[in-house]
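Chain and residue survey
Each chain, letter by letter, is given below.
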Amino acid sequence: MAAAHFSGVWFLVFMVLFPHCSGGRASISKQNLEANNHLKQLNKPPLKSIKSPDGDIIDCVLVSHQPAFDHPLFKNHTIQVRPNYHPEGLIDEKKVSNPQSNEGKSKPITQLWHLNGKCPEGTIPIRRTKKEDLLRTSSVESYGKKKHRNIVKPARSADPDLINQSGHQHAIAYVEGEFYGAKATMNVWDPKIQQPNEFSLSQLWVLGGTFASDLNSIEAGWQVSPDLYGDSNARLFTYWTDPKEGNWWMQFGNDYVLGYWPGFLFSYLADSATMIEWGGEVVNSASDGQHTTTQMGSGHFPEEGFGKSSYFRNIQIVDGSNNLRAPKEVNTFTEQPECYNVQVGKTGDWGNYFYYGGPGRNPNCP
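The structure presented is a predicted model; accordingly, all values stated were derived computationally and were not measured.

About the thresholds
- Residues numbered from 1 in each chain as written.
- Predicted model: local features only at pLDDT ≥ 70, side-chain atom pairs only at ≥ 80, totals over all residues.
- Heavy atoms only, no water.
- Helix = DSSP H or I, 4+ residues; strand = E, 2+ residues; numbered from the N terminus.
- Buried < 20%, exposed > 50% of the residue type's maximum accessible area, 1.4 Å probe, protein only.
- Contact = heavy atoms within 4.5 Å.
- pLDDT = per-residue confidence, 0-100.
- Pairing = 2+ DSSP bridges.
- Phe/Tyr/Trp six-rings, centres within 6.5 Å; stacked < 30°, edge-to-face > 60°.
- Axes fitted to C-alpha atoms, helices over the stretch in contact; angles between N-to-C directions.
- Disulfide = S-S within 2.5 Å.

Glancing now at the overall build of the protein. Helix and strand content of the protein: 4 helices and 16 strands. Counting across all 366 residues of the protein, residues that qualify as buried make up 46%. Once local pairs closer than 6 in sequence are excluded, the contacts in the protein between residues at least 24 apart make up 72%.

Okay, the confidence of the model for the protein next. Should the pLDDT be low somewhere, the predicted coordinates at that spot are not to be read in detail. For the protein, the average pLDDT comes to 81, and 77% of its residues sit at 70 or higher. Across residues 225–232, confidence stays below pLDDT 50; counting only partners more than four residues off in sequence or on other chains, it has 20 contacts.

Take the pairing of strand β4 (residues 168–179) next. Of all the 12 residues making up β4, 9 are buried; the element is thus mostly covered by neighbouring parts of the structure. Judged from the 10 bridges that link them, β4 and strand β11 (residues 273–283) form a sheet pairing that is antiparallel. If you follow Ala 171 over to β11, its bridge partner there is Gly 280. As paired strands, β4 and strand β14 (residues 331–334) are joined by 4 bridges and run antiparallel to one another. Counterpart to Tyr 174 in the pairing with β14 is Asn 331.

In this structure the tally under the stated criterion is 16 aromatic pairs. Ring centres 5.4 Å apart and planes at 85° place the aromatic pair Trp 350 and Tyr 353 in the edge-to-face group. Assigned by exposure class, Trp 350 and Tyr 353 land together as buried. In textbook terms, an aromatic cluster arises when at least three aromatic residues are bridged by ring pairs, as seen for Phe 306, Tyr 311, Trp 350, Tyr 353 and Tyr 355.

Mapped onto the elements, Ser 272 comes out in the loop between β10 (256–261) and β11. Take Ser 272: its relative accessible area is 12%, and that puts it in the buried class. In this structure the C-alpha to C-alpha distance between Ser 272 and Glu 178, which are 94 residues apart in sequence, comes to 6.4 Å. Sequence-distant contacts of Ser 272, defined by excluding residues within four places in its chain, comprise Glu 178, Phe 179, Tyr 180 and Trp 248.

With antiparallel pairing, the 3 strands of this open sheet are ordered in space as β1-β2-β3. Taken across any chain shown, the strands that pair with only one partner, and hence form the sheet edges, are β1 (48–51) and β3 (123–127). With direction set aside, neighbouring strand axes in the sheet form an average angle of 25°. The pairing of β1 with strand β2 (residues 57–62) spans 4 bridges and is classified as antiparallel. Bridge pairing in β2 places Lys 48 opposite Cys 60.

Quick look at the state of the cysteines now. Inspection of every chain in the model, using the stated rule, returns 2 disulfides. Bridging Cys 339 to Cys 365, the disulfide has an S-S length of 2.0 Å. Disulfide Cys 339-Cys 365: the torsion about the S-S bond is 95°, which places it as right-handed. A residue pair is termed long-range when its members are at least 10 positions apart, and Cys 339 in the loop between β14 and β15 (341–347) and Cys 365 in the segment after β16 (351–357) qualify at 26 residues. On the accessibility criterion, Cys 365 (2% relative accessible area) is buried. By sequence-ordered numbering of the bonded cysteines, the protein has its disulfides arranged as 1-2, 3-4.

In this structure, Ala 286 takes a positive phi of about 45° despite not being glycine. With respect to the helices and strands, Ala 286 occurs in the loop between β11 and β12 (310–318). We classify Ala 286 as partly exposed; its relative accessible area is 32%. Even without glycine at this site, Asn 322 takes up a positive phi of about 65°. Residue Asn 322 is classed as buried on the basis of its relative accessible area, which comes to 11%.

The next point concerns the sheet that holds strand β6 (residues 200–209). Pairing in this open sheet of 5 strands is antiparallel, and the strands run β7-β6-β11-β4-β14 from one edge to the other. Each of the sheet's edge strands pairs with one partner strand only, and the pair in question is β7 (215–223) and β14. Put simply, the sheet's adjacent strands are angled 20° from each other on average, direction ignored.

Tracing the backbone shows Lys 192 in the loop between β5 (181–186) and β6. For Lys 192, a relative accessible area of 47% translates into the label partly exposed. Once residues within four sequence positions are removed from consideration, Lys 192 is found in contact with Thr 293, Thr 294 and Gln 295.

The structure is reproduced here in structure tokens:
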């Protein structure tokens, strides 16, 4: 399922239950009560609900009732339905002003739940959060919240503490400077996950601020997407910022402007981004004392190339002149290249590109 998401760490909550201990039962009851109350806050009343063949429930919620508007900064916020600024040549104005027109449009976005229906106009689809989703986290309150340590600050050599303490590992390409947008096409695979508290994602990061204390991050991409494979399922993501209001817009494919992050949410990104990252991230919980077998990308190393390795191609940035262009210098970073790696290149058709990923545990990654 395609989703703009803030990736987070998922933890299993382990409890030792004593049949004759009333305190244990009280603790479980309290946890269930907290989970039920939190579900009421997260799951907004839908106009329509659709059951997906994979078991998910998709709620069609009015745009103005989406969970984002629970944030106090959104009080009295007026939704902007279309961008008033974009990089040159990125959007066909005729298609934006007349969304019903099919002229020159790419294929519609389809997802598994569309087999059983679609959401009515004026609503947005939101996967209904289930109690078991909440109970997998370290606490009910932490569900869906971003942890600062999930963001990697690229370095020439990996800090062992970064690997051992956070458990997050990356294989990314990145650029540093002053940027007003970013773009890339990624292909989508179905990585295998070893533990329920682990994940594997492929995404684009837009970053501003300092890694130590006040980092602004916008992230969107794909996280463990079953039934989507190879180049025929390449997905294009584009971000850009409105210099007047500081809003960061996101476009999926060539036609679909999905929405925006308002500028007033940010302390740094309201002006520009200082780093763009593209690539993969996994959680290595090492639960059995060995490196996880959770795959990144396709589960193949970059040197295996097209048809086997996962890739990003035509990576671009938006410069101060509002032009989409290839970045001048692309750097790479990975904590343990024998587990997951990244390899950059450049061609006429693919522009700046890179292959990335790996299988995790293998003879060279014990």
